[in-house]
Amino acid sequence: MQTLFSKLMVIASATLAALLLITNTSQAQTPLRKAIDSDYPYLQALYTHFHENPELSFEEVQTAKRLAAELQSVGFDVTTGIGRTGIVAVMRNGSGPTLMIRTDMDALPVKEQTGKAYASTAIGQNWKGIKNLPVMHACGHDIHMTSLVGVARRMAALKDQWSGTLVLIGQPAEELGLGARAMLDDGLFSRFPKPDFNLAFHDNANMPAGTIGYTSGYALANVDSVDIEVRGVGGHGAYPHTTKDPIVLASYIVTALQTLVAREIDPQKPAVVTVGSFHAGTKHNIISDHAHLQLTVRSYSDGVRKKLLDGIRRIAKHQALAFGIPEDRLPVVEVEQDYTPSTYNNPALVKRVIHAIKEEVGSDNVIETPPVMGGEDFAQYGRTDDKIPGFLFWAGAVNPAVYAAAKKNGQTLPSLHSPFFAPDPERTITTAVDAMSAAALDLLGKTDG
Ligand SMILES: [Zn+2]
Ligand SMILES: [Zn+2]
């Protein structure tokens, strides 16, 4: 693990030239960017604090407290305890639209191995009460929170340049896919000003820091977790004719599931059915009486999602019938209730916001990126009856020299959720604050007269 790190360091110095090239072509200093850069020492201390003190989903008590205090100190009206540990900060600044910007607050049960001086050594418990878990901000939600505070500080300082209502929220439990739902169920859009637009960003472990990425339309997938309990009739391995072998049946089900995406879904429409876990049996010579499959099922449109889930139920049932499984022993298919719906970036909003971001950070630093099959519960804020347009963009998080070296050598960079994920905080945070503030100033811009 140290070797990977030192290897990266060697590569990093070998490509110093590339780094200089990249930094030289970075954006011109706008007044907004200058202000953000001079505020960075404050934000860096805050980032280090969040990074060293991560908390797991729905356990973000100290995190929320600190975030609330930061937002309150620059003039936001803050309410805590929304959707368990969530916070809502409101700044009313005259007439005009309402913009909501969301950060998530939770960390992951991962033992940090970045070797950074401020690496997390935190131990925490999860919301189910399991204790002594290593905790790390391996998804960069500490970057998101720090950037939200950066935006709050700029928007508070620039109150004469915008008009309307700014709602900043700290959302719990994004990693469980439950936090957005929890805040909505607790009255996010009824107890507080209802947004006209929702914005968020996520750091990106495969883009250089200093860049912004965006996707118009579907950007992230519907994510469903499905369990299939395959039931058979157990017995002695030497007498298979007296049993109904669930391992053979489950194997047929796994194989038949492959035809769903290959033969039933329009090739132009993305879909994934992955069997990530297959458990059955205890011993060489015993035919088990059950097998358990766990699937992740991904799609963009609601129609494709339905087709996949219906197809999984149909295949499981009819493969079992073909095997002669009795009616009362057919497979039990369970789709987890709280799925993460796909993120749809409203094209008109994307167009407007990206124009503003390009003007601020330079169009060379803004890249259109293809959609991905990952999931984000930010999507929930656009799925209420109000159908509020939303946009989640990417902020590159990889040190440019490390990025350039990895690309040159064909190496894979540590992904989000990896214990080695070590973002370049300064470039990532300053660029994210710059882009998000520019977006907010544009959407809440004063109209002349
Ligand atoms: Zn994550
Ligand atoms: Zn995340």
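Calculation rules
The numbering scheme is per chain: residues are counted from 1 as the chain's sequence reads. All chains are assigned letters beginning with A, and all ligands numbers beginning with 1, in the order in which they are written. Note on the predicted model: pLDDT of at least 70 is required for a residue's local features to be given, and 80 or more for side-chain atom pairs to be given and counted; whole-chain, interface and lining totals, by contrast, use all residues. Hydrogens are left out, water is left out, and the side-chain values use all remaining heavy atoms of the structure. The donor definition counts N, O and S atoms within 2.8 Å of each metal and applies 3.2 Å to Na, K and Ca; water is not among these atoms, so some sites may look incomplete. By the criteria applied here, four donors are tetrahedral when all angles lie between 85 and 135 degrees, four are square planar and six octahedral when opposite donors are over 155 degrees apart and every other angle lies between 65 and 115, and any other arrangement is irregular. Elements are defined by DSSP. Helices are runs of H or I of four residues or more, strands are runs of E of two residues or more, and each kind is numbered from the N terminus. Accessibility here uses a 1.4 Å probe with only protein chains present; expressed as a share of the type maximum, an area under 20% marks a residue as buried, one over 50% as exposed, and anything in between as partly exposed. Angular values range over 0 to 180 degrees, each being the angle between N-to-C directions of two axes fitted as lines to C-alpha atoms, with helices fitted over their stretch in contact. Each angle receives one of four descriptions, namely roughly parallel if under 35 degrees, roughly antiparallel if over 145, roughly perpendicular if within 65 to 115, and oblique otherwise. Definitions for this section: a left-handed crossing has its near helix turned counterclockwise from the far helix by less than a right angle. A right-handed crossing has that turn clockwise. Residue contacts are defined here by distance: any two heavy atoms, one from each residue, within 4.5 Å place the two residues in contact.

S.K.: Go over the coordination of the zinc ion (ligand 2), please, and point to the residues and values.
M.R.: Here the zinc ion (ligand 2) is held by Cys139 (SG), His141 (NE2) and His202 (NE2), and the distances to it run 2.1 to 2.4 Å. Within one chain, the residues donating to the zinc ion (ligand 2) are spaced in sequence as C-x1-H-x60-H.

S.K.: Just give me the short version of the coordination of the zinc ion (ligand 1), but keep the residues and values in it.
M.R.: In this structure, Cys139 (SG), Glu175 (OE), Glu175 (OE) and His417 (NE2) serve as the protein donors to the zinc ion (ligand 1), at separations of 2.0 to 2.6 Å. The site at the zinc ion (ligand 1) holds 4 donor atoms, and with the angles between them running 54 to 150°, its shape is irregular. Mapping the donors of the zinc ion (ligand 1) onto the primary sequence yields the spacing C-x35-E-x241-H. A distance of 3.1 Å spans the gap from the zinc ion (ligand 1) to the zinc ion (ligand 2), which Cys139 bridges by coordinating each metal. One end of the pair, Cys139, is in the loop between strand E5 (133-134) and helix H5 (141-157); the other, His417, is in the loop between helix H10 (400-408) and helix H11 (425-443), with 278 residues separating them in the sequence. A relative accessible area of 6% means that Cys139 is categorised as buried. Taking the relative accessible area as the measure of exposure, His417 reaches 37% and is therefore partly exposed.

S.K.: Please give an account of the packing of helix H9 (residues 347-361) against H11 that cites residues and values.
M.R.: Each pair of packed helices can be described by the angle between their axes along with the distance between the axes. The interhelical angle for the contact between H9 and H11, taken along N-to-C directions, is 125°, at an axis separation of 8 Å. When the interaxial angle is binned, H9 and H11 end up oblique. When the axes of H9 and H11 are compared, the crossing they make is right-handed. Where H9 approaches H11, its residues Leu349, Arg352, Val353, Ala356, Ile357, Glu360 and Val361 are matched on the opposing element by Asp434, Ala435, Ala438, Ala439, Asp442 and Leu443.

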